[in-house]
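In case you want the letters, here they are:
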Amino acid sequence: MDKSSIPTIDLSPFFREGDEDGKKKAMETITQACTEYGFFQIENHGVPLDLMNQALELSKKFFDFPDEEKRKSSPNSGAPLPAGYSRQPDHSPDKNEYVLVFPPGSSFNFYPTNPHGFRDVLEEIFSYLVKTGFLIESILNVCLGLSPNFLKEFNHDRSWDFMAALRYFPATENENNGITEHEDGNCFTFVFQDEAGGLEVRKNGEWIPVTPIKHTIVVNVSDVVQVLSNKKFKSATHRVVRPKGKSRYSYAFFYNLHGDKWVEPLPRFTKEIGEAPKYRGFFFKEYQELRLRNKTHPPSRPEDVIHITHYAINT
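Residues numbered from 1 in each chain as written. Predicted model: local features only at pLDDT ≥ 70, side-chain atom pairs only at ≥ 80, totals over all residues. Heavy atoms only, no water.

The name given to the protein chain in an unreviewed UniProt entry is Fe2OG dioxygenase domain-containing protein, with the source organism recorded as Hevea brasiliensis. UniProt, in its Sequence similarities (unreviewed entry) section for the protein chain, records the words "Belongs to the iron/ascorbate-dependent oxidoreductase family." (UniProt positions renumbered as here; feature names shortened; annotations may be inferred.)

Structure (structure tokens):
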């Protein structure tokens, strides 16, 4: 594996019968990437390429609207996250705006009415990404050596999944942070982006740009998988650096757990192999509440930001 790049995995063997060699090769590459730093890209993933392009174009049209028009789609209170249009508060170090949606049919959703067709495309791309999530989950299940369908049965409720269409503002002369370095708190995340770039992953202590490759989807393993695997698979550390002179547009899809799910290292990676657990257990919603507070009430000291290390067991 090239030490200065992110591997791109062809998923087409998983859509045809009999290509066991292709599946094996893909899973070997995914296992290595997840063991080292938790990031890879996928192609031939089953999400229609025209739909991905259309989703990006419609989000660009929406974010080009005047602020007063965008604010008509601002979220109602009561949702676990602000569905609809939001912009990072001025005090936030992150500089972006976004439209957040839950699964199609969720009572929390509050869609923009313009541009025409935006809602339909958001719902369609969401449904496709759920299917891609099922596939990646099944691949990770095999890569981790878990019993068949373990992750599918463990994580069978899709109601906490969500997706965001994002716009990152152009960098200024003095500042270019889009999203500060972090790890995602869910199971895994999908990202597809325009040609502007700016997504970076930390690998072997260095920041590696995730160069946009048309029609690929970036996958990053997140905290839940790291905890379940007792750190066999890494939660990817990543950030977004805003480009100069232009906005960056992307979509991020978060494959989650239900909030009432209990998360702890699995026996397969602890007592069955004589390893001590590296994390204490927690309810998923508890961790998400702590992470949301990081956003709404950013600590004055970076070391006070809650990460998965909040649950780490010192050994």
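Draft legend 1. Here's a closer look at empty space enclosed by the protein. In total, this model carries two cavities of 30 Å³ or more according to the counting rule given. The calculated volume of the largest cavity comes to roughly 70 Å³. In terms of lining, the largest cavity is formed by E137, L140, L151, F154, N155, C187, F188, V224, V225 and L228. Broken down by secondary-structure element, the contributors of at least two residues to the lining of the largest cavity are α4 (118-143), α5 (150-154) and α6 (223-228). Per element, the largest residue contribution to the lining of the largest cavity is three residues, and it comes from α6. Across the lining of the largest cavity, the residue classes tally to eight nonpolar, one polar and one charged. Considered as a void within the structure, the second largest cavity measures approximately 40 Å³ in volume. Surrounding the second largest cavity, L144, L146, L151, V225, L228, S229, L266 and F269 form its lining. Split by residue class, the lining of the second largest cavity holds seven nonpolar, one polar and no charged. (1 Å grid on protein atoms, 1.4 Å probe; cavity = no way out; pocket = protein on both sides within 12 Å on 5 of 7 lines; lining within 4 Å. Points joined across faces, edges and corners; volume = space filled by probe spheres on them. Helix = DSSP H or I, 4+ residues; strand = E, 2+ residues; numbered from the N terminus. Nonpolar A, V, L, I, M, F, W, Y, C, P; charged D, E, K, R; others polar.)

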